[in-house]
Amino acid sequence: MKQGMTRLRTRLRRPRTQAVLLAAYTVLSAAGLAFAGPPIVWFLLLLASLLLLYYTDLPGAVKWVWAGVVVAVLLPVCASTGSSFESFMEVATQMGIYVAMALGLNVVVGFAGLLDLGFIAFFALGAYTYAIFFSDQANHFIPGHHFPLPADLFWLCLPAGLLVAALFGVLLGLPVLRVKGDYLAIVTLGFGEIIRIIFNNLDKPVNITNGAIGISSVEAPRFFGVSLSFPHQFYYLVLALLALVLYAVRRLEHSRIGRAWKAVREDEIAAQAMGVPLTRTKLVAFAVGASFSGLMGVVFAAKQAFIDPTSFTMLESITILVMVILGGMGSLPGVVVGACLVTLLNIQLMPELTNWLNTLTTAGVIQFPSALSPSKMQRLIFGIILILFAVFRPQGMIPSKTRRHDPAALAKLAAEWQAQTGGTFRAGVRPADGQDATARAPGHGAVTRAQGQDGAKEGATL
Amino acid sequence: MNALEVSGVRKQFGGLVAVDDVHLQVRKGSVTAVIGPNGAGKTTFFNLITGVYQPDQGDIRLEGRSIVGLRPDQVTMLGIARTFQNIRLFADLPVLDNVLIAMHGRLSAGIPGILLGRRKVRHEERQALGEAYWLLEYMGLAPYANEIARNLPYGTQRRLEMVRALATHPKLLLLDEPAAGMSPRETRELTEMIHRIREDFDLTVVLIEHDMKLVMNISEHILVLDYGRPIAEGTPEEIRNNPRVIEAYLGRAAVSGA
Amino acid sequence: MIPQLLHSLPQVLVDGVTLGAVYATVALGYTMVYGILELINFAHGEIFMSGAFIGTAILIGLNSAGWLGHLPKLLVLLLTLAVAMGLTGLLGMGIERVAYRPLRNAPRLIPLISAIGVSFVLQDVVRFIAEWRTGNYIVTGVTLYGAELNLGSLTVKTNTLIVLGAAVLMMAGLDLFVRRTRWGTAMRAVAQDKDTAALMSINVNRVIALTFFMGSALGGATGVLFAQQYGTIDPYIGFILGLKAFTAAVLGGIGNIRGAMFGGFVLGILEMFASAELGPLTGGVLGAEYKDVFAFLILIAVLLFKPEGLFGQAVKEKV
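As the structure is a prediction and not an experimental result, all values here were calculated from the model.

The rules behind each value
- Residues numbered from 1 in each chain as written.
- Chains lettered and ligands numbered in written order.
- Predicted model: local features only at pLDDT ≥ 70, side-chain atom pairs only at ≥ 80, totals over all residues.
- Helix = DSSP H or I, 4+ residues; strand = E, 2+ residues; numbered from the N terminus.
- Buried ≥ 20, exposed ≤ 12 C-beta atoms within 10 Å, placed from the backbone.
- Contact = placed C-beta atoms within 7 Å.
- Rg over C-alpha atoms; globule rule 2.2 N^0.38 Å.
- Expected span 1.5 Å × (residues − 1).
- Domains from an automatic or database assignment.
- Nonpolar A, V, L, I, M, F, W, Y, C, P; charged D, E, K, R; others polar.
- Pairing = 2+ DSSP bridges.
- Axes fitted to C-alpha atoms, helices over the stretch in contact; angles between N-to-C directions.
- Parallel < 35°, antiparallel > 145°, perpendicular 65-115°, else oblique.
- Left-handed = near helix turned anticlockwise from the far one by under 90°.
- Right-handed = clockwise from strand over helix to strand, strands pointing away.
- Core = buried A, V, L, I, M, F, W, Y, C linked by C-beta atoms within 7 Å.
- pLDDT = per-residue confidence, 0-100.
- Arc of directions from axis to C-beta.

**Here we look at the overall build of chain A**
Part 1 of the reasoning: From N to C terminus, chain A includes 17 helices and two strands.
Part 2 of the reasoning: Taken along its principal axes, the extent of the C-alpha atoms in chain A is 85 × 75 × 50 Å.
Part 3 of the reasoning: Taken across its 462 residues, chain A has 46% of its residues classed as buried.
Part 4 of the reasoning: For chain A, long-range pairs separated by at least 24 residues make up 74% of all intrachain contacts whose partners lie at least 6 apart in sequence.

This is the structure in structure tokens:
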């Protein structure tokens, strides 16, 4: 019996077995989504296959391709058999937008350890960038009847929204990031409100944002002459952008910059003592996080064709924070899962639960006060999630994993390095100014490999 | 030229003068110790040199260049590295990342290069990994490369702090109580290690230490602080017999009794 | 323009000082907790809001029971204040016990997150109760002192005097408590150094709990006064007001009790001035809707140029 268990376990560790099982599971849930009801359950099961995929031991490239096939082909195709195809795609698009934003906030909160409570402001900046110039709103303050801009220029507006948000991230960050960590939370909280107040009131003296009424009849974007109007079209747009964001975050995380963010998060004083400039490092985190949010803001405005300041409240900022905390600060799979779950909870689960309870109430089965209706209880649910996770599981549902390096490969690199530089650097041979990093070639020190190993032995006894 | 010249440095916190009119000349390649009772202002002195605090008065020069007014990361890039009295590793990060972070200022990858995966960036990253691992091998920490720093034994953490400091390519190494919490044997090994890295990396070393045996063994020059003020300076021999030093450490009675 | 400014100045001052009194007493809660734990108690604004609802609930209850007309007003006010203070005080202690104490050694980010969680939970629980009992979460309470004094162009509600008087009394009381009593000394000791205080046989946990009780009770009482002064309340009043009270605390030097009081009054007067004069001064370009922006700019300016506040001492970080 016990032997059987062990054998099963070894079997399960084999990537090929994992792949077969996972494929079976994926096909099953995809088939369920296509042919059986209720779709939402199958939809979730299909998404869960991606999480399982994350835990398999398949090679990285295989994982990416697999995931790409599931989200780009399997999911839309299987969902298209049902009657609610477009509403599904709408939900999936929303999820994608939130995942990208949560990944952005994760850079700020998870990597750099800066609590930003006004993150939605950058989303608003992106959204207004598109809405103002791709409706006739801009005619109110720019003379000549140039607006709306042609919808083909949407593609240019994506980087524009990204840059505007990044720019404001830097502008806000410059004064704010100098102050101590805890103040940052409250200042960003204030900033989020301020941006909303300004957008809410900037209909006079010059009408820039159309104030509380918001901007309507925003142009639908066009791509090679095809106008994007269906949710499934936006789904693919968001998917493409999300892939870019994921790629960027992963690259940055394991780079010089990502390491500096984490150093600042762990210990600001030690980070500075190791040559990491605090303010600049934090600013970059702020700007990178903000830029993802601004990018998605553009998509949001294009998708909704209407925006007003009520979409950018503090509750939205906290919603994104909940995604990050729930999933796991600094953990990419965690943040993705957290964002999916919270989005589903928000736009699918709670409204459906409310409807169901309302039906029961009208049918006279139960007496249910409308004050308790789940769709109004976001704050309570989010609040409880935040407290519980802070107290009992601060690392989130899926804690971040550290990257392991293969010692043999490292040893090879170390040997290469020694061969190239002659063993060690010597302080004395550096240029006196010491600031030109490229000019600071390591000298030809006298330390040999043998001595190094000698040191190793000695160190081990120490 | 001296590696470090401190002249007339003073630092006040509210009513407390933590460091008062301290002068120090550190010869290139030497080992200098700063000693004194608890609260004598030794760590504040280090914090002034490394730019954590700015002096109210006085000047600090590294190889002739004034470093007053620079931020700590700028000071580090000019060639002063330090360890901390109460170990400040990046505790939740792997050992290797701890060392790589210390190379931050010497690497040049920017966001575009990283996102595009430019060859220069990849090359630089490989070099950095190689050097980091080489340094870990040098200090006998290679087996721990993938460990989370928090999980290392105490003495190993102290050694990792040294590796991290070396990874910044310093000219001047400041060690804040390197032997704190170590057994006599570990302390002996530490002495050898300090000598070795000074040789191998052409370093000038300034250390704060309470372990008098270590101090007397290792240093060529000693500065004694008491209540922020320098009360004695000289070779180990001179310091050992200085009555003011004995008084500061043991109290007046010990002096008159002796 | 100048004569018009001067003309409205007395009214601005009276309104500003009243608002300032509210900010000041709420700021005390922030500053006390920060002084002792170095934690921004995000939930404090919500404790203030809970106080406002508790007070309003008591008064509505007394009113519908028909007792309000028969009891002396002052007695009713004192009673309401006492109950609200007791309940919000306990609420504050409970929050500390559940959401902050387990996190005292966690990374600094974590308690901030649970603090936000607490503040959301409070908002929604109060919203639920109010909506359930009254059908609407925006509640208009019973005003005890509705009379107005007219002094030429200046209008002063009797209530304003009550708010001011009560706020000043509470602040003076707290100041005396912290400076003159044994518990106050213990509080200051814990704020200085928790470990050393513990060695001196001070029960640190109890002192922290007491700090939360007192700060929250003050906040709750201010909530009652606020509801009296401004009439209508909703579960979300604590958010912006809390932000401003925190600004006041920072302005006065966080951790500094007298500084927080001063900061509150300064901010109140500045804000009233801004909301009354920003329109006329800018020729109608900017109006009262920007008064919140104004308070926020003050916060940024203080953090930038004088982060230790007007009366605080520069804190040195232990390295």
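**Here's the deal with the overall build of chain B**
Part 1 of the reasoning: When its secondary structure is counted, chain B shows 11 helices and 10 strands.
Part 2 of the reasoning: In summary, chain B has a C-alpha radius of gyration of 19 Å against a globular reference of 18 Å for 258 residues, a match within 12%.
Part 3 of the reasoning: The principal-axis extents of the C-alpha atoms in chain B amount to approximately 70 × 40 × 35 Å.
Part 4 of the reasoning: Counting only residues that meet the buried cut, chain B has 52% of its 258 residues in that class.
Part 5 of the reasoning: Excluding contacts between residues fewer than 6 apart, the proportion of contacts in chain B whose partners are at least 24 apart in sequence is 65%.

**Description of the environment of Val-68 of chain B**
All names here are of chain B.
Part 1 of the reasoning: Along the chain, Val-68 turns up in the loop between β5 (65–66) and α2 (72–78).
Part 2 of the reasoning: The sequence separation of Val-68 and Ile-114 amounts to 46 residues, and the corresponding C-alpha distance is 34 Å.
Part 3 of the reasoning: Each residue touching Val-68, except ones within four places of it in the same chain, is listed here: Gln-54, Pro-55, Asp-59 and Ile-60.

**Some words on helix α1 (residues 2–13) of chain A**
Part 1 of the reasoning: With 12 residues, α1 of chain A extends 17 Å between its outermost C-alpha atoms, agreeing within 8% with the 16 Å of an ideal straight helix rising 1.5 Å per residue.
Part 2 of the reasoning: In terms of burial, α1 of chain A is largely open, as just zero of its 12 residues are buried.

**Remarks on the interface of chain A and chain B**
Part 1 of the reasoning: Taken together, the contact pairs 52 residues of chain A with 62 residues of chain B.
Part 2 of the reasoning: In terms of residue count, the dominant contributor to the side of chain A that touches chain B is helix α16 (residues 407–421) of chain A (eight residues).

**What to know about the domain arrangement of chain B**
Part 1 of the reasoning: Assigned domains within chain B: domain 1 (1–79 + 170–258) and domain 2 (90–169).
Part 2 of the reasoning: Here the side of domain 1 of chain B that touches domain 2 of chain B is composed, by residue class, of seven nonpolar, two polar and two charged.

**Topic: the pairing of strand β2 (residues 16–26) of chain B**
Note on strand geometry: in a regular strand, side chains alternate between the two faces of the sheet.
Part 1 of the reasoning: The pairing of strand β1 (residues 4–13) of chain B with β2 of chain B spans seven bridges and is antiparallel. Residue Leu-4 of chain B lies in a different strand from β2 of chain B, and its bridge partner there is Val-26 of chain B.

**Topic: the interface of chain C and chain A**
Part 1 of the reasoning: Contacts between the two partners involve 35 residues from chain C and, on the opposite side, 36 residues from chain A.
Part 2 of the reasoning: Contributing elements (two or more residues each) for the side of chain C that touches chain A: α4 (109–134), α9 (237–251) and α11 (291–305) of chain C.
Part 3 of the reasoning: For the side of chain C that touches chain A, the leading source of residues is α4 of chain C, giving 16 residues.

**Points about the domain arrangement of chain A**
All names here are of chain A.
Part 1 of the reasoning: You can read the domains of chain A as domain 1 (1–83) and domain 2 (89–365 + 373–392).
Part 2 of the reasoning: The C-alpha-based centres of domain 1 and domain 2 are spaced at 30 Å.
Part 3 of the reasoning: With seven residues of domain 1 in contact, the opposing surface of domain 2 contributes eight residues.
Part 4 of the reasoning: Elements that contribute at least two residues to the side of domain 1 that touches domain 2 include exactly α3 (39–55) and α4 (60–79).
Part 5 of the reasoning: Residue contributions to the side of domain 1 that touches domain 2 peak at four residues, all from α3.
Part 6 of the reasoning: Broken down by class, the residue content of the side of domain 1 that touches domain 2 amounts to seven nonpolar, no polar and no charged.

**A few points about the sheet that holds strand β8 (residues 204–208) of chain B**
Sheet strands pair by backbone hydrogen bonding; their relative direction is either parallel or antiparallel.
Residue and element names in this part refer to chain B.
Part 1 of the reasoning: With mixed pairing, six strands are arranged side by side in an open sheet as β6-β7-β8-β3-β9-β10. Edge positions in the sheet fall to β6 (80–82) and β10 (229–234), since each has one partner strand and no second. Looking at each pair of strands side by side, their axes are set apart by 20 degrees on average, direction ignored.
Part 2 of the reasoning: Strand direction decides the pairing type here: strand β9 (residues 221–226) and β10, joined by five bridges, are antiparallel. By the bridge assignment, Val-224 is partnered in β10 with Ala-232.
Part 3 of the reasoning: Along the sheet, helix α1 (residues 42–49) makes contact with β3 (31–35), β6, β7 (172–176), β8 and β9, crossing β7 at roughly 150 degrees.

**Topic: the packing of helix α5 (residues 85–111) of chain A against helix α9 (residues 231–253) of chain A**
Residues and elements named next belong to chain A.
Part 1 of the reasoning: Direction vectors running N to C along α5 and α9 enclose 20 degrees, while the axes themselves pass 9 Å from each other. Relative to α9, the element α5 lies roughly parallel. Handedness of the α5/α9 crossing: left-handed. On the side of α5, the interface is formed by Glu-86, Met-89, Glu-90, Ala-92, Thr-93, Gly-96, Ile-97, Val-99, Ala-100, Leu-103, Val-107 and Phe-111, while α9 contributes Pro-231, His-232, Phe-234, Tyr-235, Val-238, Leu-239, Leu-241, Leu-242, Val-245, Leu-246, Val-249 and Glu-253.
Part 2 of the reasoning: Its residues assigned to classes, the contact of α5 with α9 shows 18 nonpolar, three polar and three charged.

**Focus: the sheet that holds β5 of chain B**
Residue and element names in this part refer to chain B.
Part 1 of the reasoning: Overall, antiparallel pairing links the four strands, which are arranged β2-β1-β4-β5 in an open sheet. If you trace the sheet from one side to the other, it starts and ends with β2 and β5, each paired once.
Part 2 of the reasoning: Where strand β4 (residues 57–62) and β5 come together, two bridges link them in antiparallel fashion. Along β5, the bridge assignment pairs Leu-62 with Arg-65.
Part 3 of the reasoning: Sheet contacts for α1: β1, β2 and β4; angle to β2, the most-contacted strand, approximately 65 degrees.

**A look at the pairing of β7 of chain B**
Residues and elements named next belong to chain B.
Part 1 of the reasoning: Counting buried residues along β7, five of its five residues qualify, which places the element largely inside the surrounding structure.
Part 2 of the reasoning: Across three bridges, the pairing between β6 and β7 is parallel. If you follow Ala-81 over to β7, its bridge partner there is Leu-173.
Part 3 of the reasoning: Both β7 and β8 contribute to a ladder of five bridges, which runs parallel. Looking at β8, one finds that Leu-172 is bridged to Thr-204.
Part 4 of the reasoning: A crossover links β7 with its parallel partner β8, the connecting element being helix α7 (residues 184–201), and its sense is right-handed.

**Description of the nonpolar core**
Nonpolar side chains tend to gather and get buried jointly when the protein is soluble and globular.
Part 1 of the reasoning: Core analysis: the biggest nonpolar cluster contains 324 residues, and Ala-102 of chain A, Ala-132 and Leu-136 of chain B together with Ala-24 of chain C have the highest contact counts within it.
Part 2 of the reasoning: Looking at this core, the element that brings in the most residues is α5 of chain A, giving 17 residues.
Part 3 of the reasoning: Beyond its immediate stretch of four places on either side in the chain, Ala-132 of chain B contacts Leu-96, Val-99, Leu-100, Met-103 and Ala-167 of chain B.

**Notes on the environment of Thr-209 of chain A**
Residue and element names in this part refer to chain A.
Part 1 of the reasoning: Tracing the sequence through the fold places Thr-209 in the loop between α8 (181–201) and β1 (222–223).
Part 2 of the reasoning: Since 25 C-beta atoms lie within 10 Å of it, Thr-209 is described here as buried.
Part 3 of the reasoning: Thr-209 has contacts with Tyr-128, Ile-132, Phe-199, Leu-202 and Asp-203, leaving out every residue within four places of it along the chain.

**A look at the environment of Val-391 of chain A**
Part 1 of the reasoning: For Val-391 of chain A, the position within the fold is in helix α15 (residues 378–392).
Part 2 of the reasoning: Classification of Val-391 of chain A by C-beta neighbours within 10 Å gives buried; the count is 20.
Part 3 of the reasoning: Look past the residues within four positions of Val-391 of chain A in its chain and what remains in contact with it is Ala-99, Pro-102, Leu-103 and Ser-114 of chain C.

**What to know about the packing of α16 of chain A against helix α5 (residues 119–138) of chain B**
Part 1 of the reasoning: Orientation of α16 of chain A relative to α5 of chain B, taken along the N-to-C sense of each, is 95 degrees, at an axis distance of 7 Å. Between α16 of chain A and α5 of chain B, the crossing angle belongs to the class labelled roughly perpendicular. Along its contact with α16 of chain A, which presents Leu-410, Ala-411, Leu-413, Ala-414, Glu-416, Trp-417 and Gln-418 of chain A, the element α5 of chain B presents Arg-126, Gln-127, Leu-129, Gly-130, Glu-131, Tyr-133, Trp-134 and Glu-137 of chain B.
Part 2 of the reasoning: The residue makeup of the contact of α16 of chain A with α5 of chain B, split by class, is eight nonpolar, three polar and four charged.

**Considering the confidence of the model for chain B**
Residues and elements named next belong to chain B.
Part 1 of the reasoning: Per-residue confidence for chain B averages 91 on the pLDDT scale, and 97% of its residues sit at or above 70.
Part 2 of the reasoning: The lowest-confidence element of chain B is helix α11 (residues 252–257), averaging 51 in pLDDT; the highest-confidence one is helix α3 (residues 95–101), averaging 97.
Part 3 of the reasoning: The ipTM assigned to the predicted complex is 0.93, against a pTM of 0.89.

**Remarks on α11 of chain C**
Residues and elements named next belong to chain C.
Part 1 of the reasoning: In this model α11 runs 21 Å from its N-terminal to its C-terminal C-alpha over 15 residues, within 8% of the 21 Å that 1.5 Å per residue would give.
Part 2 of the reasoning: The set of residues buried in α11 consists of Lys-291, Ala-295, Phe-296, Ile-298, Leu-299, Val-302 and Leu-303. Each buried residue of α11 sits inside an arc of 150 degrees when the element is viewed along its axis, so together they form one side. More than 90 degrees from the buried face of α11, the exposed residues found are Ala-301 and Phe-305.

**Description of the confidence of the model for chain A**
Residues and elements named next belong to chain A.
Part 1 of the reasoning: Overall, the prediction assigns chain A a mean pLDDT of 85, with 90% of residues at 70 or greater.
Part 2 of the reasoning: Summarising per-element confidence for chain A, the mean pLDDT is lowest in helix α17 (residues 449–461) (37) and highest in helix α10 (residues 256–266) (96).
Part 3 of the reasoning: Confidence over residues 427–462 falls short of pLDDT 50; this stretch has 62 contacts with residues more than four positions distant or in other chains.

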